[in-house]
Amino acid sequence: MKNLKVRRKLAGLLAAGTIFTVSSSTLTGCDATVGDTDIESQYDVIDSQGEDVKILPQVLDVPGEDFKLVVEYSLDENSARKWTITDNKKLYTKVYTQGLPKDVKVYIDNVHTDTSIVASDDYMDGILQDSMDDRIHNSLMLGFPISDDVCYYAVNEIEGQNDSFISGSYYGFYGHSSGHVEERRYVEEDYLKCGVYANEISSAYGLLIQVGDEEPYGVDVSSDIVVLANNTVVKNYESGRKEIKTYDRNGYYKVETIEPEKTKSKK
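Residues numbered from 1 in each chain as written. Predicted model: local features only at pLDDT ≥ 70, side-chain atom pairs only at ≥ 80, totals over all residues. Heavy atoms only, no water.

Q: Just checking my understanding: could you explain the overall build of the chain for this structure?
A: The helix and strand inventory of the chain stands at three helices and 14 strands. Classification of the 267 residues of the chain by burial places 43% in the buried group. Of the contacts made within the chain by residues no fewer than 6 positions apart, 69% connect residues no fewer than 24 positions apart. Here the chain displays about 15400 Å² of accessible surface, and carbon together with sulfur accounts for 47% of that area. (Helix = DSSP H or I, 4+ residues; strand = E, 2+ residues; numbered from the N terminus. Buried < 20%, exposed > 50% of the residue type's maximum accessible area, 1.4 Å probe, protein only. Contact = heavy atoms within 4.5 Å. Areas by Shrake-Rupley, 256 points an atom, 1.4 Å probe, with all protein chains shown as cover.)

Q: Got a minute to help me understand the sheet that holds strand β3 (residues 58-61) in this structure?
A: Neighbouring strands of a sheet are bound in pairs by backbone hydrogen bonds; such pairs are parallel or else antiparallel. Taken in spatial order, the four strands of this open sheet run β3-β4-β5-β9, and their pairing is antiparallel. Sheet topology places β3 and β9 (152-158) at the edges, where each strand pairs with a single neighbour. Strand after strand, the sheet turns through a mean of 25 degrees between neighbouring axes, direction not considered. Inspection of the sheet shows strand β5 (residues 89-98) paired to β9 by seven bridges, in the antiparallel sense. Within the sheet, the bridge partner assigned to Lys-89 lies in β9 and is Ile-158. (Pairing = 2+ DSSP bridges. Axes fitted to C-alpha atoms, helices over the stretch in contact; angles between N-to-C directions.)

Q: How should the side chain of Gln-129 be read in this particular structure?
A: Its place among the elements puts Gln-129 in strand β7 (residues 128-135). Given a relative accessible area of 1%, Gln-129 falls into the buried group. Among the polar contacts made by the side chain of Gln-129, one reaches the main-chain carbonyl oxygen of Gly-160 at a distance of 2.8 Å. (Polar contact = N/O pair within 3.5 Å; in protein donor to acceptor, adjacent residues only side chain to side chain.)

Q: How should I be thinking about the pairing of β3 in this particular structure?
A: When a strand is regular, its side chains alternate between the sheet's two faces. Only one face of β3 is covered, namely the face carrying Gln-58 and Leu-60; the face carrying Val-59 and Asp-61 is uncovered. Where β3 and strand β4 (residues 68-75) come together, four bridges link them in antiparallel fashion. Each bridged residue has a counterpart across the sheet, and for Val-59 the counterpart in β4 is Val-70. The antiparallel hairpin formed by β3 and β4 contains six residues in its connecting segment, where Gly-64 sits at a positive phi of about 80 degrees.

Q: Can you walk me through the packing of aromatic side chains in this structure?
A: Aromatic ring pairs are described here by two measures, namely the spacing of the ring centres and the angle between the planes. Tallied over the entire structure, the rule returns seven aromatic pairs. Through a chain of ring-to-ring contacts, the aromatic side chains of Phe-165, Phe-173, Tyr-186 and Tyr-191 assemble into a single cluster. One cation-aromatic arrangement involves Arg-241 over Tyr-237; the distance from NZ or CZ to the ring centre is 5.3 Å. (Phe/Tyr/Trp six-rings, centres within 6.5 Å; stacked < 30°, edge-to-face > 60°. Lys NZ or Arg CZ within 6 Å of the ring centre and 35° of its normal.)

Q: What am I meant to see in the pattern of salt bridges here?
A: A pair can form between side chains of opposite charge whenever their charged atoms are brought close. Counting across every chain of the model gives six salt bridges. A salt bridge links Glu-40 to Arg-249; the shortest N-O distance between them is 2.8 Å. Of this pair, Glu-40 sits in the loop between β1 (20-28) and β2 (44-47) while Arg-249 sits in the loop between β13 (242-247) and β14 (252-260), placing them 209 residues apart in sequence. With a relative accessible area of 23%, Arg-249 lands in the partly exposed category. The partner of Lys-68 in a salt bridge is Asp-61, with the nearest N and O atoms 2.3 Å apart. With a relative accessible area of 55%, Asp-61 lands in the exposed category. (Salt bridge = Lys/Arg side-chain N within 4 Å of Asp/Glu carboxyl O.)

Here you go:
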């Protein structure tokens, strides 16, 4: 299922009155084990690096039921502009049913969401970054009611670097390092050069289904989405030099150096 359409507009690099020279080369970073990077064939993927990101709803089967569960994903303005592994970010969801019979009521009893990193390197792939749980906060209702017309809205605030993620990253980096690796807050480039290129957000929706006046029963429905991380690191120097590293999914990167051309003195 195609679930996005992205148009990317590149900003101009030339400042008025300034002449630049550009050079590029392809290098490798972390000595990572190259794995499967064909994520698009396995999951719905959001490429956030664009100004026109459109994400089609997921229409999910509910085991044993005739109706569907629909999950719509959206990004906030900051995340849509630049989704990175190490920064805090938000993912919004809207959940409702499709084709719900009139005599059936549905409630969301609990939502559990895990956010992990996706990498081509086996040591880094699947490290848990953050978790979220949501359930009704009173004893008066069975859960969050949903139907074809009533929606459940949620926001998943994903923490960029908590203590558990730092510890998990330490073991990931240590797995293919021949020297000392310090357990610390790592920068974005540390992950990119070790083949980390996306976040996988996996949610389990615990539904309570009530037919007529019968006792409600529980059914779980899972939803997965992958958000590609921004793969470009830019460094600006006081001299006016600009260094741009663009990483692929295997930790290889292309270096583009942009620096002012020295102005010849007039005689």
